[in-house]
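Listed below are the residues making up each chain.
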Amino acid sequence: MGRLNGKVVVLTAAAQGIGRACALAFAREGARVIAADINLDKLKELEKEGVEVHYLDVTSTKEVEDFAKKVGKIDVLFNCTGYTFHGTLLETSEKDWDFSFDLNVKSMYRMCKEFIPKMRQQACGGSIVNVASVVSSIMAAPNRCVYGATKAAVIGLTKALAVDYVKDGIRVNCICPGTVDTPSLRDRLNARPDPQKAYEEFIARQKMGRLGKADEIAHLVVYLASDESSYVTGQEFVIDGGMSL
Ligand code: NAD
């Protein structure tokens, strides 16, 4: 018996990295999985695992509204989209700042605004899991100015939603990963002047001497999505191999 049998899970950023690992884990645990991303080609790879896929740009309010109309029942919403802008405050243009907040935070506002009413109408509650980061209000990292600010906002948003909808049986938590080996992390390394040196710098700040794996993050997300975490709400879960110690 799967830990998510009978549940409908909707997630964003499902085409690769943490989102993809979670989509596969949700499906393995018996959920009906509705996965969204802007990278439809990569997303379609999930179809053979029984995952339903939808093109969705979470920076478009209209697209989020139209997408929500296509989804009936929902038990779990996993808001996974996020973008890492590399730079100090002085290197962050107003455009970079606004884009980061739009994709990392306002996207969650848009998704929650559509799906919380559905969860309330169903009268059987639900679980929302947002992806923050350990680089947020928990700790700083160099060149992560706007990124850290957005992820701190995700933690604040998570707590605000948790307290406002607890009486509706809706639980809201967020995860705070450290450095996880995903395609975008590899892209960020390759974009640096010396990718090998950049990789070594990333490893040097890992207490376990290695990067996290997307599957390791998925185990925590499945727990928060499932009824095993029925008494847990409004919390940020650090999963960082000790990076913040
Ligand atoms: P990733 O960056 O490799 O992939 C992100 C996915 O989001 C891609 O499939 C992309 O197509 C999709 N996407 C981008 N813009 C979108 C949009 N407008 N609408 C819908 N989908 C869009 O994934 P990742 O590295 O696993 O990161 C996933 C989440 O985890 C992000 O929120 C990220 O900030 C967070 N996180 C990652 C790490 C890490 O080290 N990888 C650490 C902490 C937190």
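Residues numbered from 1 in each chain as written. Predicted model: local features only at pLDDT ≥ 70, side-chain atom pairs only at ≥ 80, totals over all residues. Heavy atoms only, no water.

Trainee: What is the right way to read the nonpolar core from this model?
Mentor: Generally speaking, nonpolar side chains in soluble globular proteins are found buried as a group. Leu11, Phe26, Leu46, Phe78, Ile175 and Val221 are the most contacted members of the largest nonpolar core, which has 35 residues in total. Of all elements in the fold, only strand S1 (8–11), helix H1 (17–28), strand S2 (32–37), strand S4 (76–79), strand S5 (126–131) and helix H8 (214–225) reach the threshold of two or more residues within this core. In terms of residue count, the dominant contributor to this core is H8 (eight residues). Apart from residues lying up to four places away in sequence, isoleucine 175 is in contact with Val129, Asn130, Val131, Ala132, Ser133, Ile217, Leu220, Val221, Leu224 and Phe237. (Core = buried A, V, L, I, M, F, W, Y, C linked by side-chain atoms within 4.5 Å. Buried < 20%, exposed > 50% of the residue type's maximum accessible area, 1.4 Å probe, protein only. Helix = DSSP H or I, 4+ residues; strand = E, 2+ residues; numbered from the N terminus. Contact = heavy atoms within 4.5 Å.)

Trainee: I would appreciate a short explanation of unusual backbone geometry in the present structure.
Mentor: Here the phi dihedral of alanine 13 falls at roughly 60°; this positive angle occurs in a residue that is not glycine. Structurally, alanine 13 can be placed in the loop between S1 and H1. Although it is not a glycine, alanine 123 sits at a positive phi angle of roughly 60°.

Trainee: I'm lost on the confidence of the model for the protein in this one. Help?
Mentor: Atomic detail in the predicted coordinates should be set aside for any region of low pLDDT. With 100% of its residues at a pLDDT of at least 70, the protein reaches an overall mean of 97. The ipTM, which scores confidence in the relative placement of chains, is 0.99 for this predicted complex, and the corresponding pTM is 0.98. (pLDDT = per-residue confidence, 0-100.)

Trainee: What's the story with the pairing of S4 in this structure? I'm lost.
Mentor: Here is the key point about a regular strand: its side chains alternate between the two faces of the sheet. Neither face of S4 is exposed, since Val76 and Phe78 on one face and Leu77 and Asn79 on the opposite face are all buried. In this structure, S4 lies alongside S5, joined through four bridges in parallel fashion. Bridge pairing links leucine 77 to isoleucine 128 in S5. Following the chain from S4 across helix H4 (residues 94–122) to the adjacent parallel S5, one finds a crossover that is right-handed. (Pairing = 2+ DSSP bridges. Right-handed = clockwise from strand over helix to strand, strands pointing away.)

Trainee: Just checking my understanding: could you explain the sheet that holds strand S3 (residues 52–55) for this structure?
Mentor: Strand pairing within a sheet occurs via backbone hydrogen bonds; the two strands may be parallel or antiparallel. Judged by pairing direction, the sheet is parallel, and its seven strands sit side by side in the order S3-S2-S1-S4-S5-S6-S7 without closing on themselves. On the outer flanks of this sheet lie S3 and strand S7 (236–239), each paired with one strand and no other. Taking each pair of neighbouring strands and ignoring which way they run, the sheet shows an average axis angle of 20°. With respect to the sheet, H8 is in contact with S4, S5, strand S6 (170–177) and S7, its orientation differing from that of S6 by roughly 165°. (Axes fitted to C-alpha atoms, helices over the stretch in contact; angles between N-to-C directions.)

Trainee: Could you clarify how one ought to interpret the pattern of salt bridges in this entry?
Mentor: Note that side chains of opposite charge can pair when their charged atoms are close. Counting across every chain of the model gives 16 salt bridges. When the shortest N-O distance is used, the salt bridge between lysine 7 and aspartate 227 registers 3.1 Å. Placement of the pair is lysine 7 in the segment before S1 and aspartate 227 in the loop between H8 and S7, with a sequence separation of 220 residues. Judged by its relative accessible area of 15%, lysine 7 falls in the buried class. Taking relative accessible area as the criterion, aspartate 227 reaches 51% and is therefore assigned exposed. Members of the salt-bridge network, linked through shared partners, are Arg3, Glu29 and Glu228. (Salt bridge = Lys/Arg side-chain N within 4 Å of Asp/Glu carboxyl O.)

Trainee: What is the right way to look at the site of the ligand in this model?
Mentor: Near the ligand lie 27 residues; those nearest to it are Gln16, Ile18, Asp37, Thr182 and Ser184. In the environment of the ligand, an oxygen atom lies 3.3 Å from a nitrogen or oxygen atom belonging to the side chain of tyrosine 147. One of the backbone nitrogen or oxygen atoms of valine 180 is found 2.7 Å away from an oxygen atom of the ligand. Among the elements of the structure, H1 and helix H5 (145–165) are those that each provide at least two residues to the shell around the ligand. Residues of the shell around the ligand, tallied by class, amount to 13 nonpolar, 11 polar and three charged. (Near = heavy atom within 4 Å. Polar contact = N/O pair within 3.5 Å; in protein donor to acceptor, adjacent residues only side chain to side chain. Nonpolar A, V, L, I, M, F, W, Y, C, P; charged D, E, K, R; others polar.)

Trainee: In this structure, what is going on with a nonpolar patch on the surface? I would like to understand it.
Mentor: Nonpolar side chains collect at one region of the surface, where Leu89, Leu90 and Trp97 lie side by side and expose about 360 Å² of accessible area between them. As for its position among the elements, tryptophan 97 is in helix H4. A relative accessible area of 32% means that tryptophan 97 is categorised as partly exposed. (Patch = residues over 30% accessible without salt bridge, like charges linked within 9 Å, V, L, I, M, F, W, Y side chains within 5 Å. Areas by Shrake-Rupley, 256 points an atom, 1.4 Å probe, with all protein chains shown as cover.)

Trainee: So what exactly am I meant to see when it comes to H8 here?
Mentor: Because each turn of an α-helix spans 3.6 residues, side chains separated by three or four positions end up pointing in the same direction. Here H8 spans 16 Å end to end across 12 residues, near enough to the 16 Å set by a 1.5 Å rise per residue. Along H8, the positions that sit buried rather than exposed are Ala214, Ile217, Ala218, Leu220, Val221, Val222, Leu224 and Ala225. (Expected span 1.5 Å × (residues − 1).)

Trainee: So what exactly am I meant to see when it comes to helix H7 (residues 195–204) here?
Mentor: Of the positions making up H7, those classed as buried are Ala198, Phe202 and Ile203. One side of H7 holds all its buried residues, which, seen down the axis, span an arc of 140°. Each element contacted by the buried residues of H7 is listed here: helix H6 (183–190). (Arc of directions from axis to C-beta.)

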